[in-house]
Amino acid sequence: MRRIAAAVCAVGALGGVTSAAADDEAHPKVGLVLSGGGARGGAHIGVLKVLEELNVPVDIVVGTSAGAIVAAAYATGMPLSEIEAEMKGLSTSLLLHDVDRSEVPLNSKIHDSFNYIGPEVGIQNGSLALPKGAVAGVSLEAVLRRLTHRQRTDNFDRLPIPFRAVATDLATAEMVVLSRGNLAQAIRASMAIPAVIEPVELDGRLLVDGGPSRNLPVDVARAMGAEVIIAVNIGTPLLKREEIKSLLSVSDQMTRILTNTNVAKSVSEIGPDDILLIPDLGTVTTADFDRLSEAAAAGEAAARLAIPDLMRYAIDGPRYAAWRASTVRSGEQAPFTVAEVRVKGTERVNPEVVTASMHTKAGDTFDVKKADADIKRIYARGDFEGVAYTVSEEPGVGHVLTAEVTEKSWGPQYLRFGLGLSSDLKGNSFFNLAASHRATWLNHLGAEWRNDVQIGHTDRLATEWYQPLTAAQRLFVAARAEFTRNPFDLYDNSDGSSDGDGSRIGQYRVQYIGVGLDLGTPIGRSAEFRVGLTRGHVKMLLDTGLVPPELLQPPQETGGVLARLRFDSLDSIRFPTQGWQGEVRLYASRPTFGADETYTKASANLNAAQAFGRHSLQVGLRGAKALGDDDLPVHELYSLGGFLRLSGYATGQFLGRELAFGRLVYNYRLSLPGFLSGAFIGASAEVGRIGDSVSKGGDAFTRHGFSIYASMDTPLGPIYGAFGRGGDGANAVYLYLGQP
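Note that the coordinates shown come from a computational prediction; the quantities given were computed from them, not determined experimentally.

Conventions and cut-offs
Residues numbered from 1 in each chain as written. Predicted model: local features only at pLDDT ≥ 70, side-chain atom pairs only at ≥ 80, totals over all residues. Heavy atoms only, no water. Helix = DSSP H or I, 4+ residues; strand = E, 2+ residues; numbered from the N terminus. Buried < 20%, exposed > 50% of the residue type's maximum accessible area, 1.4 Å probe, protein only. Contact = heavy atoms within 4.5 Å. Areas by Shrake-Rupley, 256 points an atom, 1.4 Å probe, with all protein chains shown as cover. Lys, Arg positive; Asp, Glu negative; His and termini not counted. Charge placed at Lys NZ, Arg CZ, Asp CG, Glu CD. pLDDT = per-residue confidence, 0-100. UniProt positions renumbered as here; feature names shortened; annotations may be inferred. Axes fitted to C-alpha atoms, helices over the stretch in contact; angles between N-to-C directions. Parallel < 35°, antiparallel > 145°, perpendicular 65-115°, else oblique. Left-handed = near helix turned anticlockwise from the far one by under 90°. Nonpolar A, V, L, I, M, F, W, Y, C, P; charged D, E, K, R; others polar.

Asks: Requested: an account of the overall build of the protein chain, with residues and values cited.
Replies: Of regular secondary structure, the protein chain possesses 17 helices and 33 strands. On the principal axes, the C-alpha backbone points of the protein chain span a range of 125 × 60 × 55 Å. Residues counted as buried form 49% of the 740 residues belonging to the protein chain. Long-range pairs, those at least 24 residues apart, make up 64% of the contacts in the protein chain with a sequence separation of at least 6. As displayed, the protein chain has an accessible area near 33200 Å², and 59% of this comes from carbon and sulfur atoms. Taken together, the 72 basic and 83 acidic charged side chains of the protein chain have centroids lying 1 Å from each other.

Rendered as structure tokens:
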């Protein structure tokens, strides 16, 4: 009986082997097709999770846009759990903000502090030119490099799972199937949403999102040899009639029409043996990268509903484990030394300046995080519309890190326009219009000529030539000239007495014409020290008032030595959540340099911000005084009053020769940041002590201000609606456009 049983077992085992061999021969080649749909692409992760549970192998994977991200990562052998973890770190704010402000050179931060509106406009051959996209995709490409860092070949057929990405040729509207090259660049080309992300230039083609040409590329998978298609369509539906309300929604609808038309054609190519999955993504939109987990759950639910159909292509556990083992690749890479650092693509820009700004140097062990940071730092300079890097191994050289840059096609001269408005609804309304012209790379060291015009509450005309002295730009000289007219208002009760009513009794302007020459050095990326000479002429002008301006201060010649230490590491000028900003200034007016009066003044200000989730605090401190026994002239007086500068009081209501001021501002973020910072409600508490305006020895008075406000970041700049109350009962309602 034992012999019979053994024989039966042997026959059964042989039959099992034969059956497995037959299954191997009979199992069709499965092609997984993942459509585009922005943040809705999280659904693809849920589908893959179910396919792995069911032991359904994927022999070919093709993706468009968001589908290309998941498809490429899976094709290179990244485990699904790692793909999910990496994509959970994505957010709309991260993907749509290429510039880390902490990496922007301080000189650019200082000039960009005005409320400029819209993109930078280029000047080319006497005409204006605009960027091709709102963002360059530098942050996006850093994420894509992490998702595809297992790539070891530029031939996508030789990846653990053969892969294709689909893009659209912007010039011809043709579908472009990407089958080789750098995976991160291929994916970015596949998802370069027109007008949002800069197009990608590859092999002489200007490529954008593949959705308008083939959002569900079933035919591409078949051309690669797929016998069975599992297609996942996450494309966005057409907007309803009532949802089409603006130019942007009309443009969005046209894109959806093009996409849905080609998707319908692809769906018609789905055969009886193929499987089409359409996850119910509800209200998840293409921009909701903060809702990737919801999208993944929807994809998983859709795949589970199709389990009976998917099981037709499942294989047994041992064979699936063997297949999966053959496709998964370790993320570990043997350490290597960077033998050389190169820059490719510069024409105007000196490549030495680029390499000097990189922390990765020849002889260093390659660090992907450091390389990614280098790329962001290069982009933050403002010279390039696209920045990426490649690592190659050359015989006789070793590993070469190449920073591949694309200079701004709309440069090297630029224009920006700005607007600022404010009102306290008591008749004190102000506006400022501004324009800035910047000519860059006027020589090989990176000389820049900047011209600024402002009219309104403050009139200003200024020009500056900024000349680095070395290729590393560690030392510079700056020659400048300016004409300004600043408001100088006198108020009753500005000396703190109880007799006045706080009304304005005179309006004047301080006119200054002067020149200056500085020698300076940057300190890292966020600080700068300058020392220089100034020479000018100042006089008071009358707008309205009974006192002649000559009695307030006769015209004067000015001249002296000015030393400044400035620093700024705030992550945002509009609604900062971390970092520091400030300035320490010392000015010595001396007849030796042409001044009529001798005096020395010092001033300092400091702003700091820190966020805790949706909550953030901002602290501001400011102090100024005359040093020694010399008095300050009237035109050098300091002022307080206005929104967040003693709220409740009029703008510039208090004048004095000594100043101490502090404030604490609290913000609560109502909406998550996206392309803009979001919406907020906030409150402030302020205290200021300012000396008497007539003489240095006069009394100083301490005053308090409080405010509550609602604010929102908009394409025109931050908008504030606020109520302010002063310590003595003074009230004001403020409307602001721009930075208060």
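Asks: Explain the confidence of the model for the protein chain residue by residue, including any values.
Replies: Across the protein chain, the average pLDDT comes to 88, with 93% of residues at 70 or higher. Segment residues 1-24 is flagged for pLDDT under 50; beyond a separation of four residues in sequence, or across chains, it makes 3 contacts in the model. Scored below 50 in pLDDT, residues 494-500 makes 11 contacts in the model with residues more than four places away or belonging to other chains.

Asks: I'd like a rundown of the UniProt feature "domain: POTRA" (unreviewed entry) in the protein chain, residues and numbers included.
Replies: Under the UniProt annotation, "domain: POTRA" (unreviewed entry) lies at residues 336-408. Secondary structure across residues 336-408 comprises 26% helix and 38% strand; the distance between its end C-alpha atoms is 33 Å.

Asks: Describe in detail the environment of Q333, supporting the description with residues and values.
Replies: The residue Q333 is located in the loop between helix 14 (317-327) and strand 13 (338-344) in this model. For the pair formed by Q333 and A71, sequence separation is 262 residues and the distance between their alpha carbons is 21 Å.

Asks: Any details on the environment of T148? Residues and values, ideally.
Replies: As for its placement among the helices and strands, T148 is situated in the loop between helix 7 (138-147) and strand 6 (163-169). For T148, a relative accessible area of 5% corresponds to the buried category. Spatially, the C-alpha atom of T148 lies 5.4 Å from that of A73, the residues being 75 residues apart in sequence. Sequence-distant contacts of T148, that is, excluding residues within four places in its chain, are made with A72, L183, A184 and I187.

Asks: Can you lay out the packing of helix 2 (residues 42-53) against helix 12 (residues 292-305) for me, pointing to particular residues and giving the numbers?
Replies: Axis separation between helix 2 and helix 12 bottoms out at 6 Å; the angle between their running directions is 40°. Put simply, helix 2 runs oblique to helix 12. Considering how the two elements wind past one another, helix 2 and helix 12 form a crossing that is right-handed. Within the contact between the two elements, helix 2 uses G42, A43, G46, V47, K49, V50 and E53 and helix 12 uses L292, A295, A296, G299, E300, A303 and R304. Class assignment of the residues belonging to the contact of helix 2 with helix 12 gives a composition of 7 nonpolar, 3 polar and 4 charged.

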